[in-house]
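# Fold and contact review
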Amino acid sequence: MNAKQRAALGAVPYVKDGMKLGLGTGSTVYYFIEEVGKLVADGMQLTCVSTSERTTAQAVALGIPVVDLNTVDRLDLVVDGADEIDPNRNGIKGGGGALFREKMVALAAETCIWIVDESKMVDALGDFPLPVEIVPFGYLHTVRAVEKLGYTGTIRMAGADCYVTDNGNYILDLNLPKGYDPYAVEDALRRVNGVVETGLFLDICDIVCVGAADEQSIEFSR
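Structure report, in brief. (Residues numbered from 1 in each chain as written. Predicted model: local features only at pLDDT ≥ 70, side-chain atom pairs only at ≥ 80, totals over all residues. Heavy atoms only, no water.)

A few words on the packing of helix H2 (residues 27-41) against helix H3 (residues 53-61). Between H2 and H3, the least distance of the axes is 9 Å, while the angle of their chain directions is 25°. For the element pair H2 / H3, the angle class is roughly parallel. When you trace H2 past H3, the crossing you get is right-handed. Two secondary-structure elements touch here, H2 through Tyr30, Ile33 and Glu34 and H3 through Thr55, Gln58 and Ala59. Of the residues in the contact of H2 with H3, the class split is 3 nonpolar, 2 polar and 1 charged. (Axes fitted to C-alpha atoms, helices over the stretch in contact; angles between N-to-C directions. Helix = DSSP H or I, 4+ residues; strand = E, 2+ residues; numbered from the N terminus. Parallel < 35°, antiparallel > 145°, perpendicular 65-115°, else oblique. Left-handed = near helix turned anticlockwise from the far one by under 90°. Contact = heavy atoms within 4.5 Å. Nonpolar A, V, L, I, M, F, W, Y, C, P; charged D, E, K, R; others polar.)

All right, on to the nonpolar core then. Residues Leu21, Phe32, Leu46 and Ile115 are the most contacted members of the largest nonpolar core, which totals 24 residues. Contributing elements (two or more residues each) for this core: helix H1 (3-11), strand S1 (20-23), H2, strand S3 (75-80), strand S6 (109-117) and strand S14 (207-212). In terms of residues, this core owes the most to one element, H2, which gives 5 residues. Excluding anything up to four places from it in sequence, isoleucine 115 contacts Ala7, Ala8, Ala11, Thr28, Val29, Phe32, Val79, Asp80, Gly81, Ala82 and Cys209. Core analysis: the second largest hydrophobic core is formed by 22 residues, Val132, Ile155, Val185 and Leu189 among them. (Core = buried A, V, L, I, M, F, W, Y, C linked by side-chain atoms within 4.5 Å. Buried < 20%, exposed > 50% of the residue type's maximum accessible area, 1.4 Å probe, protein only.)

Mapped onto the elements, glutamine 58 comes out in helix H3. For glutamine 58, a relative accessible area of 15% gives the class buried. With 25 residues separating them along the chain, glutamine 58 and isoleucine 33 place their C-alpha atoms 7.7 Å apart. For glutamine 58, the contacting residues outside a window of four places in its chain are Tyr30, Ile33 and Glu34. A distance of 2.9 Å separates a polar side-chain atom of glutamine 58 from the backbone oxygen of tyrosine 30. (Polar contact = N/O pair within 3.5 Å; in protein donor to acceptor, adjacent residues only side chain to side chain.)

Our focus in this paragraph is the sheet that holds strand S4 (residues 84-85). With antiparallel pairing, 3 strands are arranged side by side in an open sheet as S4-S5-S13. Looking along the sheet, the strands with just one partner apiece sit at the ends: S4 and strand S13 (200-201). Sheet topology places strand S5 (residues 91-92) next to S13; 2 bridges connect them, and they run antiparallel. Note on S13: the bridge partner recorded for isoleucine 92 is leucine 200. (Pairing = 2+ DSSP bridges.)

In structure tokens form, the structure reads like this:
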């Protein structure tokens with residue numbers, strides 16, 4: 001069993017019969033969804049909302065019922081991954097390109113759990129590029145507006161073409177100095193026309209399940 005699997009198993013006991021459950025996206029969440037599929041196969045009743053087309057495909061293949069976010073008022077729980085998490089449980093997400101839907105689902109949930117391997121726990125954000133989802137129309141103007149704030153980055157590519165999110169947008173990956181003020185960066189980017197969402201998830205996560213290669217998942221909560 002690897003660290004990602006251990007992290008995923010740490011979140012499984014939080015899943016209860018009758019829950020409205022948000023399913024995140026990513027390589028660690030993959031293992032969590034596999035476990036949820038086993039719970040459903042054993043008779044657990046769940047109503048799930050997915051954060052990406054990739055997650056939806058995996059869930060449906062396992063017989064997990066997936067509904068549109070608009071059909072539920074609130075979610076009891078969302079379990080997702082993260083690319084970086086600082087000591088304040090603030091994080092960066094979007095390495096897999098699903099940041100907009102991930103944040104929509106997270107903000108609709110009563111409890112948010114992140115499952116990660118120990119390499120994702122950092123003393124300060126900044127090692128991982130900050131994904132920013134932007135609209136394709138006039139995207140170079142959006143990039144220049146972001147650069148005027150003093151931030152530099154690159155448009156994410158998929159081969160020779162711009163990477164396109166499930167929402168039909170592009171992603172600008174910003175390289176920011178380690179230890180930057182995430183609240184100030186979030187506020188500044190929100191003011192740029194063309195920015196849809198940022199990968200900064202601030203004051204959202206309640207519990208972190210950290211998996212190591214040689215031990216059970218360790219939980220950290222607020």
